[in-house]
Structure formats: structure tokens, C-alpha cells
Amino acid sequence: MIEKLNMRKIMAAKAPCKLLDGGGLLINKRAGGSTQFSFRYTLRGRSRELGLGGLGSMTLKRAREIATDYRLKLAEGIDPAVTRDKAALDPKEIRTVQDVCIETFETIRPTLQDAGAEKWFSQLKNHVIPKIGNRDIETITRQDIVAILQPLWGQQKDTPVKLCTRLQRCFEHASAHGLKVDLTAIENAKILLGPVVMTSKPHQSMPYKDIPNFYRDLTEDPSTTALALRFTILTALRSNAVRNARYEHINDSDRTITIPAIFMKARKGLNQEFTVPISSELGNVIELCRDRQARGYLFYGSKGVISDNTITAYLRRRELPATAHGFRTTLRTWLAENREIPDRRDVFETMLAHKVSGNKIERAYNKALFLEERRQYGQLWSDFVVSKV
């Protein structure tokens, strides 16, 4: 079978490996990050493998064309290694929008966290590639960009703004490789569309007055998802931190759990670990999880670590107008409206792992300084949450 691969399969393959496209065409993904095309054949009892070029300068389509040409030569008894024209291996070829989007994504992937990487490419995959993915990027004009952005302009949160930024990055990548692209196309399209009206919609949250009754119901559900949801309500941590919580992160003597920086929201390299004081009820949840621990994770389901949408799906099945992220808003509102707690915005924001004022050193110091305040407020929140249990 020939042409077994596509760019998505090539991107998903874990290096180092060799992928077979069929008809002698190979794709070699090296440990260093490069991807090379080659053609393997046997003539007169001798096997050879000819390099065709790297993914950055050679498209899968062009590699297949060269492989087809080589097979025709072999059918005539001609050795491709002898007759090939070096100039033919680096022609002025058409570079599609899809090719450039994938190449740009692969270039910046190391700077993105895993979840962020998928989100970065998903907007291009959903809104750009289906419409102009097969077009030569040198032919794309501002009107093409307008056609892509217009359905999104003012209809979604900040999708069009982020999409413009990512498209501009792709065009700059193409220009850096010598392609004659219109670097003003995105900005001109934005001018034609006018100011984008942000229709930001906050995460749906549960009123804090409903939390005690809801939490009481959760205590009657022994499932891993219910325990993860209880953990989420008590800590107000984001989904990625909750899903990847491990027992090695817990300090029993200090009654804290420290989330590694890699699971905290921030640009790669700028995130910091985050310490959460363990309240009495949070300690109870952790102990319940110990009885079912697997591979060191607090929340490990039948198929592995619970997925990103597990908690949200749990809430939807119960027709509750709330999201997992929304419980962060619930806690923040409770802190602001609770008259028994001093109005300490710096402490409140630190409880949500939000950036506080000051430089990096000052922020790290503040996190340590606020630990006891956060322990006190976290226990008050815990007492409120279990007040109906």
C-alpha cells in the first residue's frame, strides 16, 4: 500500500522512529527533533537509501512525487542515485497554508506546555486549514483572512484575536523561509473588519450559598470523580493541577500540598510551584483517596489519570449550571463577601494562584508570607463547605 501516512500521523509519531509511507518512501524522525524524507530501494541485489530532504524544506506531497519518479527509473533498470539531479531535490515548490501552519507549530511547540500546545494548533486546525489549508500561502490575501475571521468577529470570546496572532506568526515563519507572503494581510483584514467586540463569557459558577448542600451530596458519591470535585472545591486549583496531584506532593508534617510548576498556568519557563495548605476536610478527602491510589496519583480512574473534561461532564450529567473552573469564582466571591474575613485582596488572589504585584522574587516571598493567612482562610472555607454534611 502506498501513501499510508498524512501530516497528522507524522506529527503524532514519537521520535526516534522510521515511518513507512509505502513504495520505498520513508520518514525518519530523529531524537534531535528533525524529520527527514528518504527513498529506500534495491537494485541488482544492492540496497540503498537516498535522502530527499528535511520536513522544513520538503513537503510530503513533493517527497511522494520524487519517490514516484525514482520507481519509474527503477522499472527501467536505472539507478536513481546515479541519475538524480540535485537541483530537482530543492525546487521552487508550492508551500500550502497547512504545511506552514504545521511547521510553525513544530517550531514553537517546545515553548508551550502540553495542554497549551494543543490549544495553540487547534484554532488553526478548526478555522484556517479547512478553508485555505490547500492553498499556496503566497496567494493568500487580506480578503481570504477576512473570510476566515468574519464569522468569529464579536461572536466568540477572544478566539479571533488569538487566531490573528497565530496566523501572523505563520506568515512571518513563511517569510523567514524566503516565501513571498503578504505580511500585512492580517492587519489589513482587522482594519476592514473594524474593532472586535469582545463578548467574553465567564466560566459558569455555582453560587456559594448552594455549595454546602451540593458538597453534602458529593460525600454520598464514592466515585473518583466526586472525590476530585471535592478536592477542586476545597482548593480552587485548576483542572491540570487537580488531575496530576500525587502523594509525593503532600507534606504531612507541614500539612501542605505543593503543585509542581509544570502543572501551574503560565508561559513555559515562567510558572512557579504552588503550595496549598491542607484544611481538615481536604485532609479527609486525601485519606479517602489513599485507599484507591494507583501509580502515585490521587485521582486515577479505570483508564488512567482522569481526563480534563471529566469533572465538567459529571456536572453536566446532573444538569448543574457550573464548570470545574467556576468553583474558583465561587471561592473568590465568598472571600469578598464574607465580613468575618479582612479584605486582603493580595491574599485572596494568591489563594487562586493569581499573580500578585511585584517582581518574581517578591511574588515568591509573598506566597511564603501568605501561607498562614491562606491556611486560616482555607479552613474557614472548609468549615463552610461541610456545614451541611
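You'll find the structure just up there.
Description of the structure in this document.

About the cut-offs
- Residues numbered from 1 in each chain as written.
- Predicted model: local features only at pLDDT ≥ 70, side-chain atom pairs only at ≥ 80, totals over all residues.
- Heavy atoms only, no water.
- Helix = DSSP H or I, 4+ residues; strand = E, 2+ residues; numbered from the N terminus.
- Expected span 1.5 Å × (residues − 1).
- Buried < 20%, exposed > 50% of the residue type's maximum accessible area, 1.4 Å probe, protein only.
- Arc of directions from axis to C-beta.
- Phe/Tyr/Trp six-rings, centres within 6.5 Å; stacked < 30°, edge-to-face > 60°.
- Lys NZ or Arg CZ within 6 Å of the ring centre and 35° of its normal.

## What about helix 2 (residues 60-75)?
Turning to step 1, where the next piece is worked out: Taking 1.5 Å per residue as the helical rise, helix 2 with its 16 residues ought to reach 22 Å, and the 23 Å between its terminal C-alpha atoms agrees with that figure.
Turning to step 2, where the next piece is worked out: Within helix 2, burial applies to L60, A63, R64, I66, A67, Y70 and L74. Down the axis of helix 2, the sector holding all buried residues measures 160°, keeping them to one side. Exposed residues pointing more than 90 degrees away from the buried face of helix 2 are listed as K61, L72 and A75.
Turning to step 3, where the next piece is worked out: Note on helix 2: the residue one or two positions beyond its end, G77, has a positive phi of about 80°.

## Details of the packing of aromatic side chains
Turning to step 1, where the next piece is worked out: Inspection of every chain in the model, using the stated rule, returns 12 aromatic pairs.
Turning to step 2, where the next piece is worked out: Judged by centre distance (5.0 Å) and plane angle (35°), the rings of F105 and F121 are tilted. Taken together, the residues span a long stretch of sequence, with F105 in helix 4 (residues 97-108) and F121 in helix 5 (residues 114-132) at a distance of 16 residues.
Turning to step 3, where the next piece is worked out: Taking relative accessible area as the criterion, F105 reaches 2% and is therefore assigned buried.
Turning to step 4, where the next piece is worked out: When its relative accessible area of 3% is taken as the criterion, F121 is described as buried.
Turning to step 5, where the next piece is worked out: When the ring of F214 is compared with that of F327, the centres are 6.2 Å apart and the planes differ by 5°; the resulting orientation is stacked. A residue pair is termed long-range when its members are at least 10 positions apart, and F214 in helix 9 (residues 211-219) and F327 in helix 14 (residues 326-337) qualify at 113 residues. Both residues of the pair, F214 and F327, count as buried.
Turning to step 6, where the next piece is worked out: Here the aromatic residues Y208, W334, W381 and F384 are joined through ring pairs into a cluster of three or more.
Turning to step 7, where the next piece is worked out: The positively charged end of R246 is found above the aromatic ring belonging to Y297, 4.5 Å away from the centroid.
Turning to step 8, where the next piece is worked out: Above the face of the Y314 ring, R318 is positioned so that its terminal group lies 3.6 Å from the ring centre.

It is worth stressing that arrangement in space is one thing and function is another; only the former is reported here.
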